[in-house]
Each structure stands twice: as structure tokens, then as C-alpha cells.
Amino acid sequence: MKNDVLNALFGKPDYSHITKDTTATISITAAEMAAILEAYDRGFNVLDEATSHNLDTVIAKLKDEVYP
């Protein structure tokens with residue numbers, strides 16, 4: 001029982017009840033595109049603060065598109 005509560009609070013979230021296959025379309029800036037490419041090529045851990053912020057903005061746009 002205790003592990004169930006801890007997993008619910010701190011475990012990997014389960015979004016399966018709200019997800020579905022879909023097509024999402026967003027507009028991105030050149031800086032956001034560069035952030036995507038840099039994250040893909042070099043990994044998330046090496047992004048500077050500005051690039052990380054641009055990538056977070058892209059993710060937020062995608063989230064708003066798939067789950068408004």
C-alpha cells in the first residue's frame with residue numbers, strides 16, 4: 001500500500017488514459033528550430049540556458065496543441 005502511494009506521487013506518470021495517435025502542427029521560430037537540432041545532435045544535458053528555454057517553449061507549444 002505504501003509503495004502504491006509513493007509511486008503515485010513520485011513514480012513515472014501514466015498518461016495512457018488521455019493519449020491517442022494524432023497529428024500536431026505548431027509554428028516555431030528559427031531559434032526554436034536551432035534548439036531542436038542542437039538537442040538532437042548534442043543531447044539535452046549540454047544545452048545552455050537560452051537554448052534550453054527555446055526547447056521548453058517548443059515542448060509547451062506541442063503540449064498545448066495535443067492537450068489544450
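Residues numbered from 1 in each chain as written. Predicted model: local features only at pLDDT ≥ 70, side-chain atom pairs only at ≥ 80, totals over all residues. Heavy atoms only, no water.

Visitor: So what's going on with the environment of Glu38? Which residues, and what values?
Guide: Its location among the elements puts Glu38 in helix 2 (residues 30-42). Residues Glu38 and Leu62, 24 residues apart in the sequence, show an inter-C-alpha distance of 18 Å. Contact partners of Glu38, with chain neighbours within four places excluded, come to Gly43, Leu47 and Thr51. (Helix = DSSP H or I, 4+ residues; strand = E, 2+ residues; numbered from the N terminus. Contact = heavy atoms within 4.5 Å.)

Visitor: For the packing of helix 2 against helix 3 (residues 49-66), give the residues involved together with the corresponding values.
Guide: Here helix 2 crosses helix 3 at 100°, and the two axes come no closer than 8 Å. When the axis of helix 2 is compared with that of helix 3, the two are roughly perpendicular. Here Ala31, Glu32, Ala35, Ile36, Glu38 and Ala39 of helix 2 lie close against helix 3, whose contacting residues are Thr51, Asn54, Leu55, Thr57, Val58 and Lys61. Looking at side-chain class alone, the contact of helix 2 with helix 3 contains six nonpolar, three polar and three charged residues. (Axes fitted to C-alpha atoms, helices over the stretch in contact; angles between N-to-C directions. Parallel < 35°, antiparallel > 145°, perpendicular 65-115°, else oblique. Nonpolar A, V, L, I, M, F, W, Y, C, P; charged D, E, K, R; others polar.)

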